[in-house]
Amino acid sequence: MADIFLTNTLTRKKEKFKPINRKEVKIYTCGPTVYRDIHIGNLRSYLMADILKRVLLYNGFSVKHIKNITDVGHMRSDPTTSRLRGASETAAFDPVIAEALKKGKTPHEIAKEYTKKFRDDEKALNILPADNFPKATEHITEMIELTKGLIEKGLAYETNGTVYYNVKKFKNYGQLSGNTLDKMDKLLEAVRVSSESDKKKSVDFALWKKADEGHILQWDSPWGKGYPGWHIECSAMSMKHLGDHFDIHTGGEDNIFPHHENEIAQSEGSTGKPFVNIWLHGGWLLIDSKKMARREGETFTISEIVEKGYNPLSFRYLTLMAHYRSRLNFSWDSLKQAETTLNNLYRWVSGLGQGFGDKNKKDTSDFEQNFLEAINDDMDMPKALDIVWQLTKSDVDDDSKLKSLLKFDKVLGLDIQNAEQMEVKNISDRITKIEIEKLLKERKSAREKDDFKLSDKIRDEIKAKGYEVVDSKDGQKLKRIIN
Ligand SMILES: [Zn+2]
């Protein structure tokens, strides 16, 4: 088996991947909050996890992948820690509830609606579904148990119905983000916000929060009625579905602190064992060189991409053009360029086997070896795409090219086997496609009336637009003419 290298945020190094159990690699991905559409910045992070999974599968591993659904709402009500590295959104209320009230719907209905939308977006991007999408609301018991355990170990304390993690008691705090206690103390001194005065120390974060009256989502607990914190959710669900110690945890770079730092504190504090071997974080998607921020109204969704006539897989291609750790600037121009390139690939694939085949040429083993090395080198997808294009221009016969390309597509996920249909989906061909469909209909009815003269005339018109009509027993088929 070939070696796979991944950059581990925890060690700040690119290291050789060693699975805990060779039979099955276990991955946890922080999933969406389902009270609104997810934006393409979130999707870039899920695409990174998808490539990771595909690379592992390509290398012959079995993979168990868990992606949680946050249907409780983040509880980042802490303006002090949000000033520290990473944390950017501050919500003083549960957004699921706010949205439910606004629309006159129940939180459950809203979560269901947006979960479906999220799954549809992932499907449009050819993201392989996780093996399980556990919901936070279905793991409240596990979160309470974990919280109870942390109190028993002296790592958490309850004040007035809310339970806080006593960060000072966990000696490895800061190992992931570098936000160690002494650094945090200095930062917090400068900020000095005492909105939650029950806390012993302002760095402490809530594991369980007392529910105010009228708070719709609330559960009974040993500390009275309340609801869980966001961080405890991922510790509880990952350990339930993957065990106390698993291989890889993924997220966006803004999850490093406080979310993932706090997950480590909760899980390792609770088990006394290492929690995750490799922490993998994807870079932000920028718009006009700024972080995509919902409050500034600068976010885009897959629906918007489709509405503008783009193939969602062009967005997938765009993300493959940059390394997952680097920040990627999104613009409609960059998407258009990605789409043009992807369409060239589709066009090239659909032209294969149309007379260019010349056997006894070079084989593809060098390309396959280089492709494997690129994807195994910390998922270097820009390099992998480079190899794809080198292959298209190479002196290899068409059949072998296609075979290798279809193999590579198990990682790329660009739906290359449907290249012919995919290609006509693109924006510049959209009008042509509508015209051709109209012509095909006319030709069909001409043939039904045995008007072969008209049928041939229409065939020529279609040919002038770049497509050959082939009559088969399943009806008329289109084939792109390659010049
Ligand atoms: Zn998470």
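Residues numbered from 1 in each chain as written. Predicted model: local features only at pLDDT ≥ 70, side-chain atom pairs only at ≥ 80, totals over all residues. Heavy atoms only, no water.

**Q** Any chance you could explain the environment of Lys13 here in plain terms?
**A** You can see Lys13 is positioned in strand E2 (residues 13–16). For Lys13, a relative accessible area of 53% puts it in the exposed group. Sequence-distant contacts of Lys13, that is, excluding residues within four places in its chain, are made with Leu6, Thr7 and Asn8. (Helix = DSSP H or I, 4+ residues; strand = E, 2+ residues; numbered from the N terminus. Buried < 20%, exposed > 50% of the residue type's maximum accessible area, 1.4 Å probe, protein only. Contact = heavy atoms within 4.5 Å.)

**Q** What exactly am I supposed to notice about the side chain of Arg54 here?
**A** Mapping Arg54 onto the fold places it in helix H1 (residues 40–58). For Arg54, a relative accessible area of 9% corresponds to the buried category. Those residues within four positions of Arg54 in sequence are excluded, and the remaining contacts are Asn126, Leu128, Arg316, Asp409, Lys410, Val411 and Gly413.

**Q** Which parts of the structure should I look at to understand the sheet that holds strand E5 (residues 156–159)?
**A** Taken together, 4 strands build an open sheet; the order of strands is E5-E6-E7-E8 and the sheet is antiparallel. This sheet does not close on itself; its edge strands, each paired only once, are E5 and strand E8 (226–228). On average, adjacent strands in this sheet sit at an angle of 20° to one another, irrespective of strand direction. The pairing of strand E6 (residues 162–165) with strand E7 (residues 205–210) spans 3 bridges and is classified as antiparallel. The residue of E7 that forms the bridge with Tyr164 is Ala206. (Pairing = 2+ DSSP bridges. Axes fitted to C-alpha atoms, helices over the stretch in contact; angles between N-to-C directions.)

**Q** Help me understand the pairing of E7, please; the structure alone is not making it clear to me.
**A** Successive residues of a regular strand alternate their side chains across the two faces of the sheet. Burial analysis of E7 places 5 of its 6 residues in the buried class, the great majority of the element. The pairing of E7 with E8 spans 3 bridges and is antiparallel. Each bridged residue has a counterpart across the sheet, and for Lys210 the counterpart in E8 is Gly226.

**Q** Explain the packing of helix H11 (residues 365–376) against helix H12 (residues 381–393) to me, please; I cannot follow it from the model alone.
**A** A pair of packed helices can be characterised by two numbers: the angle between their axes and the separation between those axes. Between H11 and H12, the least distance of the axes is 8 Å, while the angle of their chain directions is 165°. As summarised for this structure, H11 and H12 are arranged roughly antiparallel, according to the angle between their axes. The element H11 and its partner H12 pack so that their crossing is left-handed. Residues Phe367, Asn370, Phe371, Ala374 and Ile375 of H11 form the contact with H12, whose own contacting residues are Met381, Lys383, Ala384, Ile387, Val388, Gln390 and Leu391. Partitioning the contact of H11 with H12 into residue classes produces 9 nonpolar, 2 polar and 1 charged. (Parallel < 35°, antiparallel > 145°, perpendicular 65-115°, else oblique. Left-handed = near helix turned anticlockwise from the far one by under 90°. Nonpolar A, V, L, I, M, F, W, Y, C, P; charged D, E, K, R; others polar.)

**Q** When you look at the coordination of the zinc ion in this model, what are you seeing that I'm missing?
**A** When a metal carries six donors in an octahedron, the ideal angles between them are 90 or 180 degrees, while four donors in a tetrahedron ideally lie at 109.5 degrees. Donor atoms from the polypeptide that bind the zinc ion are Cys30 (SG), Cys234 (SG) and His259 (NE2), placed at 2.0 to 2.1 Å. For the zinc ion, all donor residues lie on one chain, and their spacing in sequence is C-x203-C-x24-H. Separated by 229 residues along the polypeptide, Cys30 in the loop between strand E3 (24–29) and H1 and His259 in helix H7 (residues 256–271) bring together distant segments of the chain. The same class applies to Cys30 as to His259, namely buried. (Donors = N, O, S within 2.8 Å, 3.2 Å for Na, K, Ca; no water.)

**Q** Looking at this structure, how should I read the side chain of Thr364?
**A** When you line up the elements, Thr364 lands in the loop between helix H10 (332–350) and H11. Discounting residues that sit within four places of it in the chain, Thr364 has contacts with Leu391, Val396, Ser400, Lys401 and Ser404.

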